[in-house]
Amino acid sequence: MSEHNHVVSKDGSVTMHRVNDALDRIEPGQKELILNNFEDFKSYLGKRIQLAQKIGLSDEQLAVAAEKIADYLAAYEEPRNSEEKLLLELWKAGNKEERHRLAHMLVKMVQN
């Protein structure tokens, strides 16, 4: 796959509008494995965050990416467990600023 399809390029620049495309490319079976169990979801997200940190993404860039992912999940995926249901309800209840803070907290949660 060419670099122009990736969210993060080799030079470390981030193209946030490509997040939805990247998420759409995950195979349904793989997506189910990631989302079916909350611990698996946290592990998957944590690995992606470690990778992003290695190429130099800031906490703010990570939170913006987490927001995009949360927007995608809220729009296109049904919660598979009680933790995802709670996150969806919090996401729906929050305004833009609150969602951004929640994205920061999600990043922080999987970093620990």
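The structure presented is a predicted model; accordingly, all values stated were derived computationally and were not measured. (Residues numbered from 1 in each chain as written. Predicted model: local features only at pLDDT ≥ 70, side-chain atom pairs only at ≥ 80, totals over all residues. Heavy atoms only, no water.)

All right, on to the overall build of the protein chain then. Along its length, the protein chain carries six helices and zero strands. Each helix and strand of the protein chain, placed in order from N terminus to C terminus, yields the pattern α-α-α-α-α-α. Burial analysis of the protein chain (112 residues in total) assigns 33% to the buried set. Long-range contacts, defined here as pairs at least 24 residues apart, represent 61% of the contacts in the protein chain between residues at least 6 apart. For the protein chain, the computed accessible surface area is about 7400 Å², with 53% contributed by carbon and sulfur atoms. (Helix = DSSP H or I, 4+ residues; strand = E, 2+ residues; numbered from the N terminus. Buried < 20%, exposed > 50% of the residue type's maximum accessible area, 1.4 Å probe, protein only. Contact = heavy atoms within 4.5 Å. Areas by Shrake-Rupley, 256 points an atom, 1.4 Å probe, with all protein chains shown as cover.)

Topologically, Leu23 is positioned in helix α1 (residues 19-24). C-alpha of Leu23 to C-alpha of Tyr72: the two residues are 49 residues apart in sequence and 8.1 Å apart in space. Among all residues touching Leu23, those that are not within four sequence positions of it are Lys31, Ile69 and Tyr72.

Moving on to the pattern of salt bridges. The full count for this structure, using the stated rule, is seven salt bridges. Across the salt bridge formed by Lys42 and Glu39, the nearest N and O atoms sit 3.4 Å from each other. Here the residue Lys42 and the residue Glu39 both occupy positions in helix α3 (residues 38-54), the gap between them amounting to three residues, near one helical turn. Judged by relative accessible area, Lys42 falls into the partly exposed class, the value being 23%. A salt bridge links Glu77 to Arg80; the nearest nitrogen and oxygen atoms lie 3.0 Å apart. (Salt bridge = Lys/Arg side-chain N within 4 Å of Asp/Glu carboxyl O.)

What follows covers the nonpolar core. Phe41, Leu45, Ile49, Leu62 and Val107 are the most contacted members of the largest nonpolar core, which totals 14 residues. Breaking this core down by element, the ones donating at least two residues are α2 (28-36), α3, α4 (59-76) and α6 (96-111). Among the elements that line this core, the one with the most residues is α3, at five residues. Those residues within four positions of Phe41 in sequence are excluded, and the remaining contacts are Ile34, Leu35 and Leu73. (Core = buried A, V, L, I, M, F, W, Y, C linked by side-chain atoms within 4.5 Å.)

Here we take up the confidence of the model for the protein chain. Chain-level statistics for the protein chain give a pLDDT mean of 86 and a share of 85% at 70 or above. Confidence, read as mean pLDDT per element, is least for α1 in the protein chain (77) and greatest for helix α5 (residues 82-93) (97). (pLDDT = per-residue confidence, 0-100.)

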